[in-house]
Each structure stands twice: as C-alpha cells, then as structure tokens.
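# A closer look at the structure
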Amino acid sequence: MEPAEPERLFQHLIEPLNDRTDKKFYNVAKLGGTKYDILPYSIRVLLEAAVRNCDGFLVKKEDAMNILDWKEKQNNVEVPFCPARVLLQDFTGIPAIVDFAAMREAVKNLGGDPTKVHPACPTDLTVDHSLQIDFSKCAIQNTPNPGGGDPQRPPPKLSPLKAPRKLPCRGQSSCRGPCDAESGRNSGPLSVQIENTPPLCPFHLQPVPEPETVLKNQEMEFGRNRERLQFFKWGSKVFRNVSVIPPGTGMAHQVNLEYLSRVVFDVKDFLYPDSVVGTDSHTTMVNGLGILGWGVGGIETEAVMLGLPVALTLPEVVGCQLTGSASPLATSIDVVLSITKQLRQAGVSGKFVEFFGPGVSQLSIGDRTTIANMCPEYGAILSFFPIDNVTLKHLKHTGFDETRLKLMETYLKTVKLLRSYELSTEEPEYSQVICINLGSIMPYVSGPKRAQDRVAVTNMKSDFQACLNEKAGFKGFQIPAERQRDVVPVEYEGNEYKLAHGSVVIAAVISCTNNCNPSVMLGAGLLAKKAIEAGLTVKPYIRTSLSPGSGMVTHYLTSSGVLPYLNKLGFEVVGYGCSTCVGNTAPLPETIQNAIVQGDLVACGVLSGNKNFEGRLCSCICANYLASPPLVVAYAIAGTVNIDFQTEPLGVSPDGKRIFLHDIWPTREELQQVEEEFVISSMFKELKGKMEKGNKRWNSLEAPESVLFTWDWKSTYIRCPSFFDKLTKDPLPPQCIENAHVLLFLGDSVTTDHISPAGSIARGSAAARYLTNKGLTPREFNSYGARRGNDAVMTRGTFANIKLFNKFIGKPAPKTIHFPTGQTLDVFDAAELYRKENIPLIILAGKKYGLGSSRDWAAKGPFLLGVKAVIAESYEKIHKSHLIGMGIAPLQFLPEENATFWGLTGKEQFSISFPHELSPGISLDVKTNTGKVFHVVAAFDSDMDITLYKHGGILNYMVRRLL
C-alpha cells in the first residue's frame, strides 16, 4: 500500500551549493567515494535521480545502492528511473491525451475523483507530425495532397495570400545589395507569415516572408487538423504540467534540443540534472548535450506522466573511444553511419553507449547530437556525450546567460558531471571499450532497404548493380540480366525523359537526424549554389523537398544566401514537421508512376533521414537510400543512383563542360567559414522568443475547459477508446488462452511499420470503408497519424501495411485467412469474425519482432483486434514492453526452436495455460488441437511486468491506483 507521506531517505546528502544557501542539491558524489568516481557519467545521472526520488516505495534505498554498485550489478538487477520531464510528439501525444481523458471517465465511472488525473511529470507536446506536403516547388502548380483521395476533385479554397513583391531596405547603411523577388529572399505572402520562424534578409538582417509553400502547407495543416488541435488545447488547459508547442514551430527532437533542454533544472532553488523520456525515437538526440534521454512507448510515457518511474535493467555501458580526425569529405552522416555499423557489429543492443577520448573534443554539438540521434538504429538505449567545455560554449551561443552558466558549471563540477580532457581525473570504468579512428571514415550512403546496409559512395554503382542481380531480399531485387538496361521513355510537362533502374524520383532533405547540424545543411546549400553557377539542374519530375527541423535552419540557409539556390533546384521549404520520412509526401506524377509500374523499374528515393524501409516513401519505389543532405542534392542532380561520381559527371554545363562532383563539393574550410558567420546566437534567441509567443492561428483557436472532455460521437478524429469498457475495480487472476486461432503467421524482422497504422489511408482499406460509411470522401481521409485519437480507425489500420508478409497469403499484402470459413480477408475483417465467434487470437512470428520506431498502436491495435499472445523467436525490447503494457503476453520459443522446428502451419488451434503465480522467465506449456505440446518462455523481465500483465495493462493499473 502506498505510504501517505513517503520518506525521503537521502536527506543527509542535501547541501547548499558552495556559499549560496539559496541553491541546494543532492551531493551524490559523497555517497560512494571511489565507487562513484569510476561510474560512467550516464550512470551518475541515473544515480542522482534515484537518490532524489527515493521514497521507500516506488524508488527504494536498495535501488540507489544497486546503481552505485553498477560495476557488480550491471545487467543483473532492475532499477527505476524518474526522468525530469516527458516529451511527446502529436502522433503519439494524441493517444496519450485521449487516454488521459478516457482515464478521467473511467475513474469517475468507478466512483473516483476524475480531477486527480493529471500528469505528475512536466510534459511538453510538440505538434510536428501532422504536416503533409500538399505544395512543393511552385505552389501555384501543385494541388493539395488528397491523402489517398481523388486527384481530380478541386482543392479546398485557401484564403488569399498576398504580399508586396519587395521589402524596402529601410535605409540601412550596412545593406550590401538588393532584397527582391529575383534573389528569392522576399518571395511569397506576408499577411499570414509564420510568426515563430521568420528568416532574415542576408544583407540587412530584416525579417522577410516565408516561401509561399510553407504558408499554404500550414494553412492546409490547420484546416484538416482543427479538431485535433482543439483537443490538444483543451488538454493544455485542464491538465497541469502539460505544455503544447503548436504546429509550424519545429520537430519534437529539434525543439527539444534548441528550446526545451534545461541541462540543469533549477526548481524552487533545487538543482538537479535534466533528463527526459519521449515517445519520439529521436529523443536520444539530447544525449549529445549531456542530457540523459531515450525513447519509450506511449504506454510507458503515460505512466511516467502519472508519476511512475521507468523500469529498466541496470544497463551495461559501452565506452566508445574516439581518436583522430575525419576526412574533409566526410559529413556527420558519414561519421554517424560508420559508428552505427561498428556499434551494431559490437552488439550494443539494450546497452548505454558513452563517448570519450580526444576525438570527442573535435566534434561540435551538432556532430554529437547527430550521432546520438542514430543510436536506435544500432540498438543502444542511448549514446551519451558527457557535458564538457564544448557543451558550455554551445549553451552560451544559444542564449544561456552568464549567471546561469556559472551556476550550472559550479553544480556540475561539484557532482562530478562535467567532463574535462585537460585535467587528469580518474577515468570511468566501462563494460567494454570500442575504439574508433575518425580518420578512417569516408562518405557512405545506406540502403537500399535497411539503414545498417552501408555503401561507400565510391562503390555505389557497383553495389546497385549487385542489388539488381541478387535474389529478392533485404538488398536484392532479382532483375533478369536482359532487363537491367531497360529504359522507359516518359513525357512530362511537354518534354521527354528516360527512366531506368536506379532513376531517382524522390529526393528529400528532411528534418530527421541531420538538421541539428548546420554543416551538413549548409553543405547542401553550398553544393546547390555551385551547381547552379555551373549550369546544372534537377529534372522536374523528381519530387524534391526541403523540410527543416525548425525555423533556425531556415534562418541560416537564408542569411547565408544559399536558400535561393536550393529553391532553384527544387528544394524549397515545404514546412516544419515530419513529412517524407513518415510517408506524407505528395503522390508522384501519374505519368511517372505509370512508367515505373509498367516498366517494373527499381526506382529510387534518396533522403537525409534515418529510416528507409521498403515502401515507406511510396509504394512504387523499391529502393530508398539514406544520405547526407549534400549527397541528396548531388543524386537529385544526377537523376540516378547508378553512377560512379569519380568517373562520371553529374551533368554537362550549357557550354558543354562535364561537371563532376568534386568540382562543386564544398570544402571543410568553406563550410566552417559560412557556419561561423551565419549560425549565430541571435538565431537561437530569436527562435526562443517566437516559440514562447506561439502563432496567430494557435492563439486564436478556441477550446473548452471542462473537467471531462465532451466527446462528439460523430467525430472521426477523437473517440473515447474502448480500453476501459470491461474494467473492474480489482484485477482478475491470469486467464488461460483456450483454442486460439492464429491471426497472422509472420517471419523475421517484422517492424512496427508493418504493425502500426502510418501514412495515408489507402482506398479500399478497412479504415477507408469505415470513414466512407461516416460520410467522408477520400480527400478527407487524412493520415493514420492524424487519426490516432480514433481507436476505430487505428484498429482497422493495424497490420494494413501493403508490405506485410503473412505466410498464410504467400506474398506481401495486408490480408489473412479466417480459418473457420476459409475466407481471405483484410486483417481487421478476419479479427472481427473471430471476435463475434468468441475465438481468442495469437500471432506467430520469427526473430526481432517489433523492430523500428517506438509506437504504442503497434500494441494497442493488436489488443483491440483480440490478440491475447504473441509467440516469437525474439523481440525488440520496447515493443515487448508495449505488448505487456496492453495485457498481451509476449511468449518466446526456446533457443534453437521456432515454428518450423515444431512443424507448425499456423492452422492449428492453440491453448496456453497460465499459473496464478507468474515469475520472470517462467516456462509455459502450449498445446495444439493436433496433439503437439511444446514449451515457451513468458518474456517478462521484472515483477513490474508481471504486475502490469495481471492488471490487463498499464492503463488499467493506473486507473485502479487512482481509485
């Protein structure tokens, strides 16, 4: 039973900071003496949080002592972590706020007080995932993206967007040139300028309007998402500790880095380290600032919001020693992908990675955050760069005042969280050490289907040819030799072009991974400038776009003078938010799609993101390559990935000169000069001020302030979910699963992209039929992400990915078989029939079930489909915790065993017995109606996992705690 007034067990460690009696802190450095001094810096942050939050109930003294004894206890004990704050993005934020609203209903229905339902932990929600690219390049020539609808229907009428063509110089003596439409620095409307992201004129630093595409895309975003935005605003009004950052501000991880990060919290004159968990997989980016943080599922995040700690096995910490200096041609992406490969090979899954060594001081904060951001791709929980002098200098440039910085530095030195490479201090001990020489890193891309498949740019042509030859799989396309040189002529905008295998049709410089680092974005801009000056162009059918992580990127691209050159190549700013990377790109021109399909071509997308699963960008694009922003621009100019940059030109200038990549590639010296001149502290200060003001559309948006949300049962966006429909005050004993059918029989590496609804809602899908029955036209469907607050849509979109390979079907398709009737149906329709027949369901899967981004609907969806258990060979850790958090049992075949080993066809019916008393790793019997019996392991890692499973999931558990 929870104590009424928890006892703080480490009060004796509270001290004033030096002579400042008004500032206090827990001096955890005094807790363990030499034991503390050899702890990795990331573990020191864990320890401080445990000491500060130790109440003898949720966090026990034993937990803190286990963390202090990390060297002996790593990987053997579970410890709690109480982060200082929570970060949500709107795709996962909407179900979190919906669940909070539904919890208020459930608490009230069970006789409790709904006003008790509040986040206990400060929570920031960034509305950044609802942007769709309705307009790109020339906005006048584009029609809004129908989101799967009819392209022939006229677009909704937009409000007039008029502006003067010129911004007067205002007589500044420092003005060195014109600021007119010709330069591209004053094009577009002024009347509804996005307040929080005004770029600056490069000549006199006066605000100038955003490109017209930004304004039109944002207007479409507000129009199609008004109901969701009103719901978010209601949540920010009625729930304490919830702050909503409106659309148009920037990406969650980018805003987290630039604006939300405190580094050191100062709350009521008490100091402690900043730390965060978030529902965005890019939350790990802040570890580059020395802020401990990682991505968790929406389900666990809701628990943290309600005051529960995150439970994790005390991790091993891999020390990554960096030495040397990278090649001038190598960008941060090259460093990231090289480190990704080496850490993946080293096997760091489920571990912390902490960087040290002389090479660290040579990396800028942009470099560090880029590296930290990619850690989910090599399986680490996080990649941590301890705070050092480089960090403090960066914070000074971003607007931290001298008094605050001095206080922060004093505190960090006192608790030994400030890393110094100049002073001879005792080095931390690590579980293992990996050495990486930065001098060995050269430019790479990744693809064509997985981020871990790296290809040296110098080997790109030969590797692509090998992919055409290889058997269909993770890299191969199995194109017959006689068809590998096929060329399909296509007419577009009155001109004839030729498409072939390797033709680039999407080239996107997007916010994921790269845009925190000015050097790579400026590199793309300088490359574009040199390309334009050399007379090079991008073919008009290539879907190009530039979606910065925040207005800060637009600031320095504009003020450095390179944005007009990107525009001329087609890379115009389309907005601030997730777009291409989550499947929200506008459709390819119909003639191009037809040519690709009819010619059965391996068309390519090139993007500066960090995920390239097949079909993610567009269903007709088989090959997707991750590349640095300058290389995205280079491949767009070339028009193909089937090119050897060393021996083949990007193109030919108007005077007939062959232009090679090395002719226009910016040098490191050029980049550093531009970065130092234009990426200045005033940009960060300006952004912070504008973000605090919000924007006119958001500020004028009306929302209710009632204790309980007034659900509109006609709404297709926001519905009270059915999670609590059968909730009782007390949990029932674990129920056995009797005669369950297999809903899906899956193979290895099934990702959350395959499971969770994402992207546009396809015509003919179960979700489309539901919305049509509600009176919506295809143009009004919007995306799954936008409708995450509607459980009926999301359940129908679960396992609706066209690339889902169900062994029952034998080919990629979102289908399964309803065995009692033998019908082949959409997964939802089959599950509905089973539900009506009261037949429980299970899923059979292979290795690494649940790879990819952390998505709560990858568990919520199967739960609402009636799935009671998954039997797999292995799981991705976050997804496994999601299954438990929804009351789905994650069962695991014994080592060296799988469905094939037991001769399972998936057509059997399965019965699984659960004892009343469960324990982590308990063995369970599985029986089939064909007489087979085999053992599986219940993949519960902790007593908390078992508690949550017994309650039927974390939501039920939290409601019962509030009664």
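Overview of the structure. Keep in mind it's a predicted model, so treat the numbers as computed, not measured.

What counts, and where the lines are drawn
Residues numbered from 1 in each chain as written. Predicted model: local features only at pLDDT ≥ 70, side-chain atom pairs only at ≥ 80, totals over all residues. Heavy atoms only, no water. Helix = DSSP H or I, 4+ residues; strand = E, 2+ residues; numbered from the N terminus. Contact = heavy atoms within 4.5 Å. Areas by Shrake-Rupley, 256 points an atom, 1.4 Å probe, with all protein chains shown as cover. Buried < 20%, exposed > 50% of the residue type's maximum accessible area, 1.4 Å probe, protein only. Pairing = 2+ DSSP bridges. Axes fitted to C-alpha atoms, helices over the stretch in contact; angles between N-to-C directions. Core = buried A, V, L, I, M, F, W, Y, C linked by side-chain atoms within 4.5 Å. Parallel < 35°, antiparallel > 145°, perpendicular 65-115°, else oblique. Left-handed = near helix turned anticlockwise from the far one by under 90°.

### Observations concerning the overall build of the protein
A tally of regular secondary structure across the protein gives 32 helices and 34 strands. Intrachain contacts of the protein at a sequence separation of at least 6 include 75% that bridge at least 24 residues. Carbon and sulfur atoms provide 50% of the accessible area of the protein, an area that totals close to 35700 Å².

### Points about the environment of C435
Looking at where C435 falls in the secondary structure, it is placed in strand β15 (residues 432-437). When its relative accessible area of 54% is taken as the criterion, C435 is described as exposed. Other than its neighbours up to four places away in sequence, C435 contacts Q321 and Q342.

### Side note on the sheet that holds strand β12 (residues 317-323)
The parallel open sheet is built from four strands, whose spatial order is β14-β13-β12-β15. Since the sheet does not close on itself, it has two edges, and those belong to β14 (382-384) and β15, each with one partner. On average, each strand axis in the sheet is inclined to that of its neighbour by 25°, with strand direction left out of account. Pairing of β12 with strand β13 (residues 352-356) involves five bridges; the strand directions are parallel. Paired with V318 across the bridge in β13 is V353. Against the sheet, helix α3 (residues 41-52) touches β12, β13 and β14, its axis set at about 125° to β13.

### Regarding the nonpolar core
In terms of nonpolar packing, the biggest core is built from 193 residues, with W294, F352, L743, F799 and Y849 touching the most fellow members. In terms of residue count, the dominant contributor to this core is helix α6 (residues 90-109) (10 residues).

### Description of the packing of helix α13 (residues 389-397) against helix α14 (residues 402-414)
Contact pair α13 / α14: the axes reach a minimum separation of 10 Å and the direction vectors enclose 160°. Taken together, α13 and α14 sit at an angle that is classed as roughly antiparallel. The two elements α13 and α14 meet at a crossing, and its hand is right-handed. Between α13 and α14, the residues in contact are L392, L395 and K396 and E402, L405, M408 and E409, respectively.

### Remarks on the sheet that holds strand β6 (residues 242-245)
Within the open sheet, the five strands sit side by side as β6-β5-β4-β9-β10. Their pairing is parallel. Either end of the sheet is taken by a strand with one partner, and the two such strands are β6 and β10 (292-295). Shown here is a sheet whose adjacent strand axes are inclined to one another by a mean of 20°, direction ignored. Pairing geometry for strand β9 (residues 275-278) and β10, over four bridges, is parallel. Bridged to V277 within β10 is W294. Relative to strand β4 (residues 85-89), α6 is tilted by about 110°, and along the sheet it contacts β4 and β5 (123-126).

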